[in-house]
Amino acid sequence: MTLLKRTVLAAAAVAVVVGAAQARDQIRITGSSTVYPFSSYVAEEFGATTGNPTPVVESTGSGGGMKIFCSGNGLDTPDFTNASRAMKLSEFELCQANGVKNITGVVIGFDGISIAQSKTNPKLDLTLEQVFLALAEEVPSKDGKSLVKNPYKKWSDIDPKLPNREIKMIGAPTTSGTRDAFDEMVMEKASKSFEAYGKQKGKYKKVRSDGAFIPGGENDNLIVQRLEQDKDAVGYFGYSFLEENHDKISGVTLGGIEPNFDNIASGKYPVARSLFFYAKTDHFGKVKGMEDYLDLFVSDMMIGKDGVLKTIGLIPMPEATLKKVQASVKARTPLTEDMVKKGVVTK
């Protein structure tokens, strides 16, 4: 009898483990620090209104989130990953190689990468080229024909009309989608203006490593705190963090254009981008509430033109675009290699 009881207990224990491996009650989300506030808001609303456990949301950066999301298809991996830029082909291929073959991609709205400073400073207006010259590892020589190691220590070294302030730019680490977008929309774009880059013209994005650029980590609130403490510093992050902290920091204008809601929504502000998240479709039915969370996130209540996420900094999509996104999500349209190459999540 003792042996029989032990056998039964062992079998029961195995059944519990197998059951735990086949189902999970709490949604797990990783990824972008920029999308984090929006995802967290939806998670809190989901937990409060559905009776399901509030999803766990982690801020790991877009690149870090993709790496974790694509590491495998088991329930020990995240169900969603947030991203402040579209999934890269290399990430899609990593997912496919690790068995994550069924993915639904979602665009939730727009955001601007805002450059900001302490509110106690005088207003500051920069061009993309001036930002580039402050950050590039190599810059054009005085005759403009060759590249030299960046000699600029103060903004006034770049242009005498700029403040006599030490160049200190606090920005995103290389794991961040915000960094990817900044490199593309500021660094690479501005490098087109300088013939000295030759074949690297329009592609140059190497950032100086002498202390003028300070990696700020994945917690953008810490960048806000550093801007409060260091009046010389400027920093960049998603627009929602500027909106939430307008009593402490102010936006730096780019070519006279302010990083505000209307300018980002209209495309007038030069550093604007789409925001995304990706769902692991094979986890539907295995992780309680996943599809309900997905549907809540793309609802008019959340991301519509008068949606609640607008109040914390999300720039809504045009109505026609939103309807297309909602239809794609309703159909659970699978992400394809061709879509990834085009940087889109809807057909």
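Scroll up for the structure.
Residues numbered from 1 in each chain as written. Predicted model: local features only at pLDDT ≥ 70, side-chain atom pairs only at ≥ 80, totals over all residues. Heavy atoms only, no water.

A. Representation of the state of the cysteines in the model. Throughout the structure, instances matching the rule amount to one disulfide. A disulfide bridge connects Cys70 with Cys95, and the sulfur atoms are separated by 2.0 Å. Looking along the S-S bond of the Cys70-Cys95 disulfide, the torsion reads about -70 degrees, which is the left-handed sense. Pair noted here: Cys70 is in the loop between α3 (62-69) and β3 (80-83) and Cys95 is in helix α4 (residues 89-97), with a separation of 25 residues, a long-range link. Judged by its relative accessible area of 0%, Cys70 falls in the buried class. (Disulfide = S-S within 2.5 Å. Helix = DSSP H or I, 4+ residues; strand = E, 2+ residues; numbered from the N terminus. Buried < 20%, exposed > 50% of the residue type's maximum accessible area, 1.4 Å probe, protein only.)

B. Structural context of helix α8 (residues 220-229). Along α8, the positions that sit buried rather than exposed are Asp220, Ile223, Val224 and Leu227. End-on, the buried residues of α8 take up no more than an arc of 100 degrees, which puts them together on one face. Tucked inside the fold, the buried residues of α8 contact β4 (103-118), β8 (169-171), β10 (234-238), α9 (239-244) and β11 (249-251). The N-terminus of α8 is capped by Asn219, whose side-chain oxygen sits 3.0 Å from the backbone nitrogen of Asn221. (Arc of directions from axis to C-beta. Contact = heavy atoms within 4.5 Å. Polar contact = N/O pair within 3.5 Å; in protein donor to acceptor, adjacent residues only side chain to side chain.)

C. Structural view of the packing of aromatic side chains. Summed over the entire model, instances satisfying the criterion amount to 13 aromatic pairs. Ring plane angle 55 degrees and centroid distance 6.3 Å describe the contact between Phe237 and Phe241, whose orientation is recorded as tilted. What makes Phe237 buried here is its relative accessible area of 0%. According to the relative accessible area criterion, Phe241 is buried, its value standing at 4%. Three or more aromatic residues joined by ring pairs make a cluster, and in this case those are Phe46, Phe80, Phe277, Tyr293 and Phe297. Stacked on the ring of Phe69, the Lys or Arg Lys280 has its end atom at 4.5 Å from the ring centre. (Phe/Tyr/Trp six-rings, centres within 6.5 Å; stacked < 30°, edge-to-face > 60°. Lys NZ or Arg CZ within 6 Å of the ring centre and 35° of its normal.)

D. Layout of the packing of helix α2 (residues 36-50) against helix α11 (residues 290-297). The interhelical angle for the contact between α2 and α11, taken along N-to-C directions, is 120 degrees, at an axis separation of 10 Å. Comparing the axis directions of α2 and α11 gives the class oblique. For the pair α2 and α11, the crossing hand works out as right-handed. Listed contacts from α11 to Phe38, Ser39, Val42, Ala43, Glu45 and Phe46 of α2 are Asp292, Tyr293, Leu296 and Phe297. (Axes fitted to C-alpha atoms, helices over the stretch in contact; angles between N-to-C directions. Parallel < 35°, antiparallel > 145°, perpendicular 65-115°, else oblique. Left-handed = near helix turned anticlockwise from the far one by under 90°.)

E. How the structure looks around the pairing of β4. Along β4, 15 of the 16 residues are buried, which leaves the element largely enclosed by surrounding structure. In this structure, β4 lies alongside strand β13 (residues 272-280), joined through nine bridges in antiparallel fashion. Within β13, the position partnered with Asp111 by the bridge is Arg273. Alignment of β4 against β10, held across five bridges, turns out to be antiparallel. Pairing of Gln117 across the sheet is with Val234, part of β10. The pairing of β4 with β11 spans three bridges and is classified as antiparallel. Of the residues in β11, the one forming a bridge with Gln117 is Ser250. (Pairing = 2+ DSSP bridges.)

F. Looking closely at the environment of Leu296. Examined against the element boundaries, Leu296 turns out to sit in helix α11. Taking relative accessible area as the criterion, Leu296 reaches 16% and is therefore assigned buried. When the C-alpha atoms of Leu296 and Glu45 are compared, they prove to be 8.9 Å apart, with 251 residues separating the residues in sequence. Every residue in contact with Leu296, bar those within four places of it in the chain, is listed here: Val42, Glu45, Phe46, Met301 and Met302.

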